[in-house]
Amino acid sequence: MTVERKWVVKLNDVKAVTFQCARANCEARITVSPTERNFQWPQACPMGHRWEFYETERRHSRDARFLIALQDIVTAKDSESGFNVLLEFDEPKA
Ligand SMILES: [Zn+2]
């Protein structure tokens, strides 16, 4: 018998977001909590590589739009839509 185990996470359960630098040979990380007051997105990695949050002057990047939505969800008291969004992941392999 095969047993598959999944992790199911409600977006409201997110406690931290880790930004990882995408530059080759860097991959430095910064972890922040979207529920903290005065939450601010890091503008650069710890090695000083600048991170962009806009595609154009007026349009946020795809990742920035996700962060805006996530921050809105985690700081809201209750769902106004009548449903919760759950994310499902395979259990990490040991
Ligand atoms: Zn970097």
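What you see is a predicted model, and the numbers here were worked out from it, not measured in a lab.

Q: I'd love a proper account of helix α1 (residues 62–75), names of residues and values included.
A: The terminal C-alpha atoms of α1 lie 20 Å apart, and with 14 residues this matches the ideal 20 Å at 1.5 Å per residue to within 8%. On its buried face, α1 is in contact with β2 (17–20).

Q: How would you summarise the packing of aromatic side chains if you had to cite specific residues and measurements?
A: Taken as a whole and judged by the stated rule, the model has three aromatic pairs. Where F19 meets W51, the ring centres are 5.9 Å apart and the plane angle is 20 degrees; that geometry is what we call stacked. One end of the pair, F19, is in strand β2; the other, W51, is in the loop between β3 (29–32) and α1, with 32 residues separating them in the sequence. The class for W51 is buried, based on a relative accessible area of 12%. Consider the rings of F19 and F53, whose centres lie 6.4 Å apart with planes at 70 degrees: the pair is edge-to-face. Pair noted here: F19 is in strand β2 and F53 is in the loop between β3 and α1, with a separation of 34 residues, a long-range link. Through a chain of ring-to-ring contacts, the aromatic side chains of F19, W41, W51 and F53 assemble into a single cluster.

Parameters at a glance
- Residues numbered from 1 in each chain as written.
- Predicted model: local features only at pLDDT ≥ 70, side-chain atom pairs only at ≥ 80, totals over all residues.
- Heavy atoms only, no water.
- Helix = DSSP H or I, 4+ residues; strand = E, 2+ residues; numbered from the N terminus.
- Expected span 1.5 Å × (residues − 1).
- Contact = heavy atoms within 4.5 Å.
- Phe/Tyr/Trp six-rings, centres within 6.5 Å; stacked < 30°, edge-to-face > 60°.
- Buried < 20%, exposed > 50% of the residue type's maximum accessible area, 1.4 Å probe, protein only.

On their own, these measurements won't tell you what the molecule is for.
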